[in-house]
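Descriptive analysis of the structure
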Amino acid sequence: MKICVVVGKTCAREWHRMLVARLLEEGHDIALFVSDVDASLPAALSMTLTFERLVYGISGKSLIASIGSDEGELGALARVQEKSGLFDVVVRLDGAETNAPKGRRVVRPLFNGIPSEAGALDAALDERELAIAVEELARPDANSKAYAVETELPAILSKTLNDACGRMIDLLAWECESTPLRPGGALTSNSAGGNRAATSPARPIVLHAVTTLSRRLTRRLDTLARGGDRWAIAWRDAARTPFDPSGGATTIAYQRIADDGRRFLADPFPVVAHDHAWIFCEEYPYATGKGIISVIDLNDPKMPARPVIEEPHHLSYPMIFIDGGQWWMIPEAGASNRISLYRCEAFPHKWVRETVLIENVAASDPTLYRDKRGYWLFFTLCAGSGSPSDRLCLFHSPSLRGPWAPCGAQPLAIDPKTSRPAGHIIDARGTLYRPAQDCMRRYGGAMVWSRFTLPGDHPFSQVEVGTLRPRDGRALLGGHTYNRFGSIEAVDIFGAPRSDLVEFVYETTAVTRGSESGAAKQVIERCEEQTYASN
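As the structure is a prediction and not an experimental result, all values here were calculated from the model. (Residues numbered from 1 in each chain as written. Predicted model: local features only at pLDDT ≥ 70, side-chain atom pairs only at ≥ 80, totals over all residues. Heavy atoms only, no water.)

On to the overall build of the protein. A tally of helices and strands in the protein yields six helices and 31 strands. Taken across its 535 residues, the protein has 56% of its residues classed as buried. In the protein, 61% of the contacts between residues at least 6 apart in sequence involve partners at least 24 apart. Within the structure as shown, the protein displays about 21,900 Å² of accessible surface, and the carbon and sulfur contribution to it stands at 50%. (Helix = DSSP H or I, 4+ residues; strand = E, 2+ residues; numbered from the N terminus. Buried < 20%, exposed > 50% of the residue type's maximum accessible area, 1.4 Å probe, protein only. Contact = heavy atoms within 4.5 Å. Areas by Shrake-Rupley, 256 points an atom, 1.4 Å probe, with all protein chains shown as cover.)

Written out as structure tokens, the structure is:
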């Protein structure tokens, strides 16, 4: 594709350079045009980003940092004049609409409805939801999709703006393909913020930085008084009251598993075998700063977790299942840039790496499901810039060992609320439910349940049905894994629990209340020979 990238004389950014580098890497013919637009962001922003880098130890160059609008800074492109012929695509990064080369398609980024990063800054300062979209100027009737951006609270501007700009690189690169990729997960136009004018004066930026730091210090003092925030695991025997995502609102009490304070435990996957109950989990010793896979003996939960898999890279999310009469595990190993399959040689302590399922993919929380058509693997993609929790991918294989192939163009959706897997898929009499981590306002803030259909005669689709979150929102900030095996249920929690008994509340989503129309009300409790063993 022949593409012209348009930047303003004072508004070239680091993410613009990264976009150009990606387009060149993908084989496009790129030219540069520098417009006379003068739309620099407030000077106080640069000072605030520097302040955040020092206070929070943020490394790497900010994607919104200013750079020179010349060929050297933007990738040694050929500079063109306004009358330089017709391009396939013109990408307006200067926020303007005129005085640039012509293109068959002209696109520009929108941050909360504003053609400038000032829209993202304005939303972050107001603590509003942040959404990004790509507008096609040559087709004013075209409806642009707006996608939610992870905005953790208390908001750190560096991370929020990096997430927004990093994901915008994807949107613009996909729009420059011969067949543009537009994943699901679109928001309404109201979520994008309309065309509200951006203000972002200097005083609110400085005030935001001071307020954010004050909040973090207050939270730190509060958690120190209660033992400090950390991840922990809790469980219950739910033989008589199994959790059902298709049911109504409910409160569930779990018993927390104690730790020694020198590590945290998370990502619980319970298993019942040989009349014995176990929980496989991520164990993260603070001394090493690297996750390993361990197992907890529920027959004696006071015994420390015992390591079972350790690699040079970080491991977490031990997705354990039974298939062909054999125990298997697919842990998260995004740092290895592959998805690997482990086989159990002696249950539950001896595991060996069997094979690599998918190469060259940095996957978060790969989750397997099997039906009559084969094997399905959900995960979110960590590669590139932006949040690791919002790009939902789905691969399929006729057999466990492969070959694995993507189910159409990936990602299927961009949504920090319903993309990142949070545990085994549940089949409730033919209706499929998948838990996902709600990372909209905080990493692992809650578990969102969605009813979904796998691709076949129709594309993949899902609808949110409810949210499972800790009742005590002050002491417990969230949880991001739910799993069930037989009668054993397990969750993880983040925060400083007030006691060993923790309560979770399940709230149904308003638009789905009463809409199940006789759908399944019973979760299968029998462990069959299938890849999802948590039912």
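Our next topic: the sheet that holds strand S18 (residues 350-359). Spatially, four strands are ordered S15-S16-S17-S18 in an open sheet, and the strand pairing comes out antiparallel. Only two strands of the sheet have a single partner each, and these edge strands are strand S15 (316-323) and S18. Recorded for the sheet is a direction-independent mean angle of 25° between the axes of neighbouring strands. Bridge count for S15 against strand S16 (residues 326-332) is six bridges, and the pairing is antiparallel. Pairing of Phe321 across the sheet is with Trp328, part of S16. (Pairing = 2+ DSSP bridges. Axes fitted to C-alpha atoms, helices over the stretch in contact; angles between N-to-C directions.)

Bringing the side chain of Arg256 into the picture now. If you trace the backbone, Arg256 turns up in strand S10 (residues 250-256). Among residues more than four places away in sequence, those in contact with Arg256 are Arg230, Ala232, Ile233, Ala234, Ile493, Pro497, Ser499 and Asp500.

Now for the pattern of salt bridges. Evaluated as defined, the whole model comprises 40 salt bridges. Across the pair Glu26 and Arg22 runs a salt bridge whose closest N-O atoms are separated by 3.0 Å. You can call Glu26 partly exposed: its relative accessible area is 37%. Between Arg79 and Glu71 there is a salt bridge; the shortest N-O distance is 3.1 Å. (Salt bridge = Lys/Arg side-chain N within 4 Å of Asp/Glu carboxyl O.)

Running from N to C, helix H1 (residues 14-25) and helix H5 (residues 157-175) point in directions that differ by 35°, and their axes come no closer than 10 Å. Between H1 and H5 lies a crossing of right-handed hand. Judged by residue contacts, Trp15, Met18, Leu19, Arg22 and Leu23 of H1 engage Cys165, Met168, Ile169, Asp170, Leu172, Ala173 and Trp174 from H5. Of the residues in the contact of H1 with H5, the class split is ten nonpolar, no polar and two charged. (Left-handed = near helix turned anticlockwise from the far one by under 90°. Nonpolar A, V, L, I, M, F, W, Y, C, P; charged D, E, K, R; others polar.)

Here we have four strands laid out as an open sheet, ordered S11-S12-S13-S14, and antiparallel in their pairing. Strand pairing shows two members of the sheet lacking a second neighbour, strand S11 (263-273) and strand S14 (306-309), which therefore form its edges. Adjacent strand axes in the sheet meet at a mean angle of 35° when their direction is disregarded. One ladder, built from nine bridges, connects S11 with strand S12 (residues 276-285); its direction is antiparallel. In the strand pairing of S12, Ala266 is matched with Glu282.

The next point concerns the pairing of S15. For S15, a buried count of eight out of eight residues is recorded, marking the element as mostly surrounded by other parts of the structure. Counting the residues that bridge the hairpin from S15 to S16 gives two residues, and of these Gly324 lies at a positive phi of roughly 65°.

Counting buried positions along helix H4 (residues 118-126) yields eight of nine residues, so the element is predominantly enclosed. Listing the buried residues of H4 in full gives Ala118, Gly119, Ala120, Leu121, Asp122, Ala123, Ala124 and Leu125. Glu127 occupies a position one or two residues after H4 and carries a positive phi of about 55°.

Here Phe347 and Pro348 are connected by a cis peptide whose omega angle stands at 0°. Tracing the backbone shows Pro348 in the loop between strand S17 (338-346) and S18. Here Gln410 and Pro411 are connected by a cis peptide whose omega angle stands at 5°. Tracing the backbone through its elements, the reader meets Pro411 in the loop between strand S22 (405-406) and strand S23 (413-414).

Okay, the packing of aromatic side chains next. Across all of its chains, the model carries 21 aromatic pairs by this definition. For the pair Trp231 and Phe494, a centre-to-centre distance of 5.2 Å together with 45° between the ring planes defines the contact as tilted. Taken as a pair, Trp231 in strand S9 (residues 230-237) and Phe494 in strand S30 (residues 488-495) lie far apart in primary sequence, 263 residues in all. Looking at Lys2, its charged tip hangs above the ring of Phe87, at a distance of 5.0 Å from the centre. (Phe/Tyr/Trp six-rings, centres within 6.5 Å; stacked < 30°, edge-to-face > 60°. Lys NZ or Arg CZ within 6 Å of the ring centre and 35° of its normal.)

Here we come to the state of the cysteines. Counted according to the given criterion, the structure contains zero disulfides. Lacking any disulfide linkage, Cys393 is separated from the closest cysteine sulfur, that of Cys382, by 9.5 Å. For Cys393, a relative accessible area of 4% gives the class buried. (Disulfide = S-S within 2.5 Å.)

Here the focus is the nonpolar core. The biggest cluster of nonpolar side chains holds 50 residues, and the ones touching the most others in it are Trp15, Leu19, Leu45, Val91, Ile132 and Leu172. Looking at which element gives the most residues to this core, the answer is H5, with ten residues. The contacts of Leu19, once residues within four sequence positions are left out, are Val91, Leu93, Ile169, Leu172 and Ala173. The next biggest cluster of nonpolar side chains, apart from the first, holds 38 residues, and it includes Tyr317, Ile320, Trp327 and Ala363. (Core = buried A, V, L, I, M, F, W, Y, C linked by side-chain atoms within 4.5 Å.)

Here the protein averages 87 in pLDDT, and 87% of its residues register 70 or above. Counting interchain partners and residues more than four positions distant, the pLDDT-below-50 stretch residues 189-196 has 16 contacts. (pLDDT = per-residue confidence, 0-100.)

Moving on, we come to the environment of Ala333. Within the secondary structure, Ala333 sits in the loop between S16 and S17. Using a relative accessible area of 7% as the deciding quantity, one classes Ala333 as buried. Counting along the chain gives 15 residues from Ala333 to Pro318, while the straight-line C-alpha distance between them is 9.8 Å. Excluding residues that lie within four positions of it along the chain, Ala333 makes contacts with His313, His314, Leu315 and Arg338.

Moving on, we come to the packing of helix H2 (residues 43-56) against H5. Contact geometry of H2 with H5 gives a least axis separation of 9 Å together with a crossing angle of 110°. If you check the angle between H2 and H5, you find them roughly perpendicular. Where H2 abuts H5, its residues Leu45, Thr48, Leu49 and Glu52 lie against Leu157, Ser158 and Leu161. (Parallel < 35°, antiparallel > 145°, perpendicular 65-115°, else oblique.)

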